[in-house]
Amino acid sequence: MTDSGTFALNDLVWAKMRGFSPWPGRVVEPPPELKKIAKKNIPAQCIFFFGSNNYAWIENSFIRPYEAFKSKFITSYKTVAFKEAVEAIEKYIKDPEVRTFEASLRQTVPDPDEQFDKLREEEEVESPKPVVTPKKTPKRKMVGGTPDEALSPGVNTKKLRSSGEKPKASRNSIKKADNDVESPQPERKRKRISTSLENNDVSHNELDGSFTSHGTTGRRNVAASGLLNRPAPIPRPETPEIDMSKVSQTLKSKNITPSSLRFGFLGLGIMGCGIVKNLINSGHKVVVWNRTFTKCRTFAEAGAQVGDTPSDVVDATDITFSCVADPQAAKDMVFGNCGVLQASSVSEGKGYVEMTGIDSETSTDIADAIVSKGGRYLEAQIQGSKAQAEEGTLIILAAGERLLFEECQTCFEAIGKNSFFLGDVGNASRMNLVLQMIAGISLAGLSESMALAERAGLQTKDVLEVLELTNMASPLILEKGHAMTKGEYPTHHPLTHMQKDLHLALQMSETLEQSLPITASANEVFKHAKRLGYSDHDASAVYVRARF
């Protein structure tokens, strides 16, 4: 590492990319596809990632010396891909022949622009007229890399380096079933590989588990796309506007002395509305923001202030809570335009409390960003439904800075009946996902049991009446069971949020190499219910899927 704070070429390092754990790598000259950087004013270096054999631009602040941090990082992560990467860098250190071979591979990497220009010259021919051809079964061809290549950080150039050959031009034709006419392929459009400090990672669709590389554009099978079109969502039962004048009996019995601090709240959804209502009714000073501004009016009439952007809310308050839909929305709230990190006062020790149901990796990324700007971070996952949020009987699972947890105690008393501090960032997210697994599996099992009872000619209300007398009865089972019996699914906990949590739990199991076959099956059941158009309905709408 040089005096200027940068690393020298061929230095072995740990590099941290958003959404991934610290990964063993080496500082290298950038390959052709990584020549351009969007933000030249931010010090960054090109990193070659071991194991995946990928490259990416990484900011200097997210790079650490390999040997100095080896003992810390090597015991913190246990995925198969991570272990293979560590083995690769250790082999590189011990075996000079590996270094020579890797260097020779880099010399064979062709310039992607030159490759494309050559392809374009070969394909710039006059489009052929349609011709009648005999019937033929079209060959199916898989486009893209293996799933394993998408699971590691960086831009994948593994196949490009391993072959010195330039790809040959190919033409795919679409046969029409009616008249066996071959249609010419449309002219290929030029797609350049571009990279930047913000878009050099692999994005992950949180709900269905698919991966998309920012540096490449995939093709879609036209014939199959029609089969994948989802049906229109079933209209969700209208949620009545929250009554701010009605104070819950639970809140009245608490006799809370509100904190003198000012609190911000980002997100006025199903859970957020009830939380903010109790904060205001308990005497706390609150500044709110929501993507749909009309939702803010009710709270403004009740005494809350309204911020124009998330960053404005942070600047106007001491501690800001966030409660949005999913991990991607939580990241957008922090890293996006006019997001939390854009607030000028974050460096003054402002507190940020994440209440969105997210995974531990997302929580850690947000925590790192907030703390690096001089702020303080606490994750406060919530267990409960819309009714419990309005009544003030939620369970709060917190982790992060202990002092910030203490400063939020009056707020937690107003919105919940218990709060737990679980230590380091990530612990609360993991605990929440474990509990959501139990809830999701229980609902999937209940829905199948009720569907079987109905098919067998039993009255579902009789099943619930007997169930209520057994030791299997619980508020969750009885509440959702009655909704299934009535066939009405007013949203207390959205089905899409339940499926999201099951998916995140499965992701966590992959990292820890823990088998979750029952959770995987429940996840598929909820995914099918979403496919039927019930995403925004209550999680009890999974019963619709079970009745098939």
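On a predicted model such as this, the values are computed, not experimentally measured, just so you know. (Residues numbered from 1 in each chain as written. Predicted model: local features only at pLDDT ≥ 70, side-chain atom pairs only at ≥ 80, totals over all residues. Heavy atoms only, no water.)

Novice: Just checking my understanding: could you explain the overall build of the protein for this structure?
Specialist: Assigned secondary structure in the protein consists of 22 helices and 19 strands. Each of the 548 residues in the protein was classed as buried or not, and the buried ones make up 43%. Put simply, of all contacts in the protein between residues at least 6 apart along the chain, 70% involve residues at least 24 apart. (Helix = DSSP H or I, 4+ residues; strand = E, 2+ residues; numbered from the N terminus. Buried < 20%, exposed > 50% of the residue type's maximum accessible area, 1.4 Å probe, protein only. Contact = heavy atoms within 4.5 Å.)

Novice: Looking at this structure, how should I read unusual backbone geometry?
Specialist: Glycine aside, the phi torsion of most residues is negative, and most peptide linkages are trans. The backbone phi angle of Asn255 is positive, close to 50°, even though this residue is not glycine. By the element assignment, Asn255 lies in the loop between helix H8 (249–252) and strand S12 (262–266). Even without being glycine, Glu513 reaches a positive phi, approximately 55°. Given the relative accessible area of 46%, Glu513 is considered partly exposed.

Novice: How should the nonpolar core be read in this particular structure?
Specialist: Soluble globular proteins: nonpolar side chains tend toward being buried together. Ranked by internal contacts, the top residues of the largest apolar core, which has 37 residues, are Phe265, Ile275, Phe299, Phe321, Val353, Met355 and Phe412. The element best represented in this core is helix H9 (residues 270–281), accounting for six residues. If sequence neighbours within four positions are ignored, Val353 has contacts with Ile319, Thr320, Phe321, Ser322, Leu378, Ala380, Leu404 and Cys408. Core analysis: the next-biggest nonpolar cluster, separate from the first, contains 27 residues, Phe48, Phe50, Tyr66 and Ile89 among them. (Core = buried A, V, L, I, M, F, W, Y, C linked by side-chain atoms within 4.5 Å.)

Novice: Looking at this structure, how should I read the environment of Pro31?
Specialist: In this fold, Pro31 is placed in the loop between strand S2 (23–27) and strand S3 (44–49). Exposure remark for Pro31: the relative accessible area of 5% places this residue in the buried category. Put simply, Pro31 and Tyr55 are 24 residues apart on the chain and 8.0 Å apart in space, counted from C-alpha to C-alpha. Every residue in contact with Pro31, bar those within four places of it in the chain, is listed here: Cys46 and Tyr55.

Novice: Would you take a moment to explain the pairing of strand S13 (residues 285–289) for this structure?
Specialist: Burial of S13 is extensive: four of the five residues sit out of reach of the surface. Where S12 lies against S13, five bridges are found, and the strand directions are parallel. Its bridge partner lying in S13, Phe263 is registered against Val286. Handedness of the β-α-β unit built from S12, H9 and S13 comes out right-handed. Considered for its hand, the β-α-β crossover made up of S13, helix H10 (residues 294–301) and strand S14 (residues 305–306) is right-handed. (Pairing = 2+ DSSP bridges. Right-handed = clockwise from strand over helix to strand, strands pointing away.)

Novice: I would appreciate a short explanation of a nonpolar patch on the surface in the present structure.
Specialist: Judged by side-chain polarity, Met431, Val434, Leu435 and Ile438 come together as a nonpolar surface patch covering roughly 310 Å² of accessible area. Looking at the secondary structure, you find Val434 in helix H17 (residues 427–455). (Patch = residues over 30% accessible without salt bridge, like charges linked within 9 Å, V, L, I, M, F, W, Y side chains within 5 Å. Areas by Shrake-Rupley, 256 points an atom, 1.4 Å probe, with all protein chains shown as cover. Salt bridge = Lys/Arg side-chain N within 4 Å of Asp/Glu carboxyl O.)

Novice: Looking at this model, I keep getting lost on the packing of helix H20 (residues 495–512) against helix H21 (residues 517–531). Mind explaining?
Specialist: Axis angle and axis distance: for two packed helices, these are the angle between their axes and the distance between the axes, and together they describe the pair. Close contact between H20 and H21 brings their axes to 9 Å; oriented N to C, the two are set at 150°. For the element pair H20 / H21, the angle class is roughly antiparallel. H21 is crossed by H20, and the crossing has left-handed handedness. Residues Leu495, Thr496, Met498, Gln499, Leu502, His503 and Leu506 of H20 form the contact with H21, whose own contacting residues are Thr519, Ala520, Ala522, Asn523, Phe526, Lys527, Ala529 and Lys530. Residues belonging to the contact of H20 with H21 are distributed by class as follows: eight nonpolar, five polar and two charged. (Axes fitted to C-alpha atoms, helices over the stretch in contact; angles between N-to-C directions. Parallel < 35°, antiparallel > 145°, perpendicular 65-115°, else oblique. Left-handed = near helix turned anticlockwise from the far one by under 90°. Nonpolar A, V, L, I, M, F, W, Y, C, P; charged D, E, K, R; others polar.)

Novice: What am I meant to see in the pairing of strand S17 (residues 376–383) here?
Specialist: Side-chain direction in a regular strand flips from residue to residue, so the side chains alternate between the two faces of the sheet. Among the eight residues in S17, eight count as buried, and that is most of the element. Across four bridges, the pairing between strand S16 (residues 351–354) and S17 is parallel. Looking at S17, one finds that Val353 is bridged to Leu378. The parallel pair S16 and S17 is bridged by helix H13 (residues 360–372), and the resulting crossover is right-handed. Across six bridges, the pairing between S17 and strand S18 (residues 394–400) is antiparallel. Directly across from Gln383, in S18, lies its bridge partner Ile395.

Novice: Just checking my understanding: could you explain the sheet that holds strand S15 (residues 319–322) for this structure?
Specialist: On the basis of which strands lie adjacent, the open sheet formed by eight strands has the order S14-S13-S12-S15-S16-S17-S18-S19 and mixed pairing. Edge positions in the open sheet fall to S14 and strand S19 (416–421), since each of these has one partner strand only. The sheet contact formed by S18 and S19 spans five bridges and is parallel. When the sheet's bridge partners are listed, Ala398 is paired in S19 with Phe421. Contacting S17 and S18, H17 crosses the sheet at an angle of about 10° to S17.

Novice: Would you explain the confidence of the model for the protein in this entry?
Specialist: Detailed conclusions should not be drawn from predicted coordinates in areas where pLDDT is low. With 71% of its residues at a pLDDT of 70 or more, the protein shows a mean pLDDT of 80. Low pLDDT, under 50, characterises residues 135–151; the predicted model gives this stretch 11 contacts beyond four residues in sequence or across chains. (pLDDT = per-residue confidence, 0-100.)

Novice: Help me understand the side chain of Asp359, please; the structure alone is not making it clear to me.
Specialist: Relative to the helices and strands, Asp359 resides in the loop between S16 and H13. The side chain of Asp359 sits in the buried core without any salt bridge; Lys331 is the nearest counter-charge, 6.5 Å away. Beyond its immediate stretch of four places on either side in the chain, Asp359 contacts Pro327, Ser429, Leu433 and Leu504. (Lys, Arg positive; Asp, Glu negative; His and termini not counted.)

Novice: Could you clarify how one ought to interpret the packing of aromatic side chains in this entry?
Specialist: Describing an aromatic ring pair means giving the distance of the ring centres and the angle of the ring planes. Following the criterion strictly, the structure yields 13 aromatic pairs and no others. On the numbers, 5.1 Å between centres and 25° between planes, the contact of Trp14 with Tyr66 is stacked. Pair noted here: Trp14 is in strand S1 (residues 12–15) and Tyr66 is in helix H1 (residues 66–73), with a separation of 52 residues, a long-range link. Using a relative accessible area of 1% as the deciding quantity, one classes Trp14 as buried. For Tyr66, a relative accessible area of 1% gives the class buried. When the centroid spacing of 5.3 Å and the interplanar angle of 45° are considered together, the rings of Phe405 and Phe421 count as tilted. Taken together, the residues span a long stretch of sequence, with Phe405 in helix H15 (residues 402–407) and Phe421 in strand S19 at a distance of 16 residues. The exposure class assigned to Phe405 is buried, which follows from its relative accessible area of 5%. Chaining the aromatic ring pairs together yields one cluster made of Trp14, Trp23, Tyr66, Phe69, Phe73 and Phe82. (Phe/Tyr/Trp six-rings, centres within 6.5 Å; stacked < 30°, edge-to-face > 60°.)

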